[in-house]
Amino acid sequence: MTDSLLIGRDHPASALRAAADRTAASHGGLVLVVGEAGIGKTALVTEAAAGRRDDLLVAFATSWESEAVPDNWLWLQVLRSLRGRLGDDVWRSLRPAPAVDVFLGEGEGARPVEFELHDAVTQLLINASRVRPLLIVLDDLHFSDTASIELLKFACQHTFFERILFVGTYRDSEIDPGHRLRGRMLQLVSKAAMVGLDGLADDGVAALVEATVGSAPDPGTVAEITRRTGGNPFFVEQTALLWASGQPVDATSAGMRDALRRRLDQLPEPILKMLVLASVGGREFHAGIMSQASGIDLQQIECALDTACQTRLVRRERDRYVFVHDLVRETLYNTMETDEAAHHHGCVVRALVADESLQKHMLITEIAHHAWLAGDDLDPETAVDLISRAGARSSSCMSFGGAEKYFRRAVERCTPAMVRQRVVLRLQLGEALQWLKREPEARALYALALQEAEDHGDPMLLTRAAMDVPQNERIDDLMRLKAIAYEGLAGSPPTPPWSTRPSPGSSCTAS
Ligand SMILES: Nc1ncnc2c1ncn2[C@@H]1O[C@H](COP(=O)(O)OP(=O)(O)O)[C@@H](O)[C@H]1O
Ligand SMILES: [Mg+2]
């Protein structure tokens, strides 16, 4: 009996099956499925999860472009998916801690610190696993935000004896020294059972070519395809499609990505241009946004994309299109020079600003991502506004790492004349750093914000700065600044003059 409908994957599939069986019977753990892009990680874990929907509660989350998603994005998807599967009544019976409600953007409570969030999510998973054992699949961890990996580490550590199985996938070839997640991934690896995926052998390649295009080539051609693709299923499929269209598979230029480039080269110029534009939009993209961004008629875009669907490079899903694989998007995107890409990102942002109804198709962090990559192509006021909105949203969802990133970027995009925005952003950045327990850096930012507000001479701005910074430090200085702000607003100094040393019990703020 075969363990998998996938070609040549019986062994890895049975390893996953054994882990799922153990989870259903006693306890779970962490399994990491690793291999290069296109090798079949998603296909394998999707098949494994699909086979267990009867006895396990399955939640599937995918990372993509950590730059464009909010912190803890994987866990947001997991919790939303669990709640959807369990239904509201069961979900409430699991007694989610207030931190979970706040995390899901529904609670009123104060923002929990990182530990509280980790603990609350982990406890919720444990409670859910008592309703039904859990299988949590986290795809493409190499793209993940760091906060999601931290939470995964915590959850794994604290649920070892529970019936919860975490299955992660990542491109090990990309987590090289210098990758921002390398240290964290190594810590996970030390706790995980590893399932490595290699290329298919000749017989697997022949079977996959046949499954893709209906017939298999002669053994010599199969051997050539195996050699050129390393047996990587994605590239085998691409090469098979080339072969079926009458193209030779023994072209002199070697390299597995070559098959994909050659397929793209075969596309009519207008379709290729459209797909390059779409690659700016992200792994999933919306024809309406593309139309607004490029000024090309929506029908013309949809017609081109529908043709692209026939080439199996993109597919249509409800109201949007999706690249069949990240490699397709990456390859198309990389055909552009940096300036050209920046211009297209700028066009996407201008489209969203011109027609706000389109914004519902994107996360606020995605919009900020476009605004950032647009660089000088976008006017600084718009860029700062959109990037700082992502900072504020991250902050309200307790993603302080994300908040730091966006507020820093927004500060960086401020022109010298944008004093008000810069002061407010530094105050917000300071707050995020305080949550991250980086007090000295926060203090330095507050000092800069106060200094700039004082130099600027706008009493409203100075009031905001003096009131927003922590009130238990540099008390004398704050009193002085508040008195200046008061005089600027009221037209005369406070009477009686505020003492720089308030007497015990008195307030140090203007009243
Ligand atoms: N063992 C396999 N048998 C048949 N098709 C496969 C196999 N592995 C992968 N594929 C196909 O190859 C393509 C790339 O696989 P995917 O799982 O997306 O790769 P990864 O997630 O590792 O980047 C998909 O079209 C998938 O259906
Ligand atoms: Mg994948």
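Note that the structure is predicted; figures quoted are calculated from it, not measured.

Colleague: For this particular structure, what's the right way to read the overall build of the protein?
Modeller: Within the protein, the regular secondary structure consists of 24 helices and eight strands. Once the C-alpha set of the protein is aligned to its principal axes, its extents read approximately 95 × 55 × 40 Å. For the protein, long-range pairs separated by at least 24 residues make up 69% of all intrachain contacts whose partners lie at least 6 apart in sequence. By element, 52% of the accessible surface of the protein is carried by carbon and sulfur atoms, the whole surface being about 23,200 Å². Distance from the positive charge centre (54 side chains) to the negative charge centre (70 side chains) of the protein: 4 Å.

Colleague: Got a minute to help me understand the site of ligand 1 in this structure?
Modeller: Every one of the 16 residues lining ligand 1 counts as a neighbour, but Gly38, Lys41, Thr42, Ala43 and His325 are closest to it. Between Ile7 and ligand 1, the recorded distance is 2.8 Å, taken from a backbone N or O atom to a nitrogen atom. Between Gly38 and ligand 1, the recorded distance is 2.7 Å, taken from a backbone N or O atom to an oxygen atom. For ligand 1, the protein covers 82% of the area, taking 550 Å² as the surface of the free molecule. Classifying every residue of the shell around ligand 1 gives eight nonpolar, four polar and four charged. Lining the shell around ligand 1 are residues from two domains, each supplying at least three of them: domain 1 (4-196) and domain 2 (202-265).

Colleague: Explain the pairing of strand S8 (residues 320-323) here, please?
Modeller: Regular strands have side chains that alternate between both faces of the sheet. Burial along S8 is two-sided: Arg320 and Val322 facing one way and Tyr321 and Phe323 facing the other are all buried. Two strands pair when backbone bridges link them, and strand S6 (residues 284-285) and S8 are joined in this way by two bridges, in the antiparallel orientation. Looking at the pairing, Glu284 lines up with Val322 of S8. Alignment of strand S7 (residues 314-317) against S8, held across four bridges, turns out to be antiparallel. The partner of Glu317 across the bridge, within S8, is Arg320. Here S7 folds back onto S8 in antiparallel fashion, the turn holding two residues, of which Arg318 has a positive phi close to 45 degrees.

Colleague: I tried to follow the sheet that holds S6 on my own but got confused; where do I start?
Modeller: In a beta sheet, neighbouring strands are held together by backbone hydrogen bonds and run either parallel or antiparallel to one another. If you walk across this open sheet you meet the three strands as S6-S8-S7, and the pairing is antiparallel. In this open sheet, the two strands that pair with only one neighbour each are S6 and S7.

Colleague: Explain the domain arrangement of the protein to me, please; I cannot follow it from the model alone.
Modeller: The extent of an interface is frequently quoted as the accessible surface area lost upon association of the parts. Taken as a whole, the protein is organised into domain 1 (4-196), domain 2 (202-265), domain 3 (269-336) and domain 4 (414-490). Taken over C-alpha atoms, the centre of domain 1 sits 30 Å from the centre of domain 3. Counting residues at the interface gives nine residues for domain 1, matched by seven residues for domain 3. Summing both sides of the interface, domain 1 and domain 3 together bury roughly 530 Å²; the carbon and sulfur share of this comes to 43%. In terms of surface lost to domain 3, no three residues of domain 1 exceed Trp64, Glu65 and Arg171, which account for 53% of the buried area on that side. If you look at where domain 1 meets domain 3, you find one salt bridge. Residues Arg171 and Glu330 are paired through a salt bridge, measuring 3.4 Å at the closest nitrogen-oxygen approach. At the junction of domain 1 and domain 3, the tally comes to one residue pair in polar contact (both at pLDDT 80 or more). Considering only residue class, the side of domain 1 that touches domain 3 consists of three nonpolar, three polar and three charged.

Colleague: For this particular structure, what's the right way to read unusual backbone geometry?
Modeller: Note: most residues except glycine have negative phi, and most peptide bonds are trans. One non-glycine residue, Asp140, lies in positive phi territory at about 60 degrees. Secondary-structure assignment places Asp140 in the loop between strand S3 (134-139) and helix H7 (146-157).

Colleague: What is the right way to look at the pattern of salt bridges in this model?
Modeller: Two side chains bearing opposite charge may form a pair once their charged atoms approach each other closely. Evaluated as defined, the whole model comprises 27 salt bridges. When the shortest N-O distance is used, the salt bridge between Arg316 and Asp306 registers 3.5 Å. Pair noted here: Arg316 is in strand S7 and Asp306 is in helix H15 (residues 298-310), with a separation of 10 residues, a long-range link. One salt bridge in this structure joins Arg389 and Asp385, with 3.0 Å as the shortest N-O distance. Here Arg389 pairs with Asp385, and both are found in helix H19 (residues 380-396), just four residues apart, close to one helical turn.

Colleague: Which parts of the structure should I look at to understand the confidence of the model for the protein?
Modeller: Caution applies to low-pLDDT regions: their predicted coordinates should not be interpreted in detail. Residues at a pLDDT of 70 or more form 94% of the protein, whose mean pLDDT is 89. Taken element by element, the predicted model of the protein shows its lowest mean pLDDT in helix H12 (residues 257-265) (80) and its highest in S3 (98). Here residues 505-511 scores under 50 on pLDDT; set against residues more than four positions off or in separate chains, the count is 11 contacts.

Colleague: Hey, could you run me through the side chain of His118 in this one?
Modeller: One can find His118 in helix H6 (residues 114-131). For His118, a relative accessible area of 6% puts it in the buried group. If sequence neighbours within four positions are ignored, His118 has contacts with Glu150, Leu151 and Phe154.

Rules and cut-offs
- Residues numbered from 1 in each chain as written.
- Chains lettered and ligands numbered in written order.
- Predicted model: local features only at pLDDT ≥ 70, side-chain atom pairs only at ≥ 80, totals over all residues.
- Heavy atoms only, no water.
- Helix = DSSP H or I, 4+ residues; strand = E, 2+ residues; numbered from the N terminus.
- Contact = heavy atoms within 4.5 Å.
- Areas by Shrake-Rupley, 256 points an atom, 1.4 Å probe, with all protein chains shown as cover.
- Lys, Arg positive; Asp, Glu negative; His and termini not counted.
- Charge placed at Lys NZ, Arg CZ, Asp CG, Glu CD.
- Near = heavy atom within 4 Å.
- Polar contact = N/O pair within 3.5 Å; in protein donor to acceptor, adjacent residues only side chain to side chain.
- Nonpolar A, V, L, I, M, F, W, Y, C, P; charged D, E, K, R; others polar.
- Domains from an automatic or database assignment.
- Buried < 20%, exposed > 50% of the residue type's maximum accessible area, 1.4 Å probe, protein only.
- Pairing = 2+ DSSP bridges.
- Buried area = accessible area lost by both parts, 1.4 Å probe.
- Salt bridge = Lys/Arg side-chain N within 4 Å of Asp/Glu carboxyl O.
- pLDDT = per-residue confidence, 0-100.

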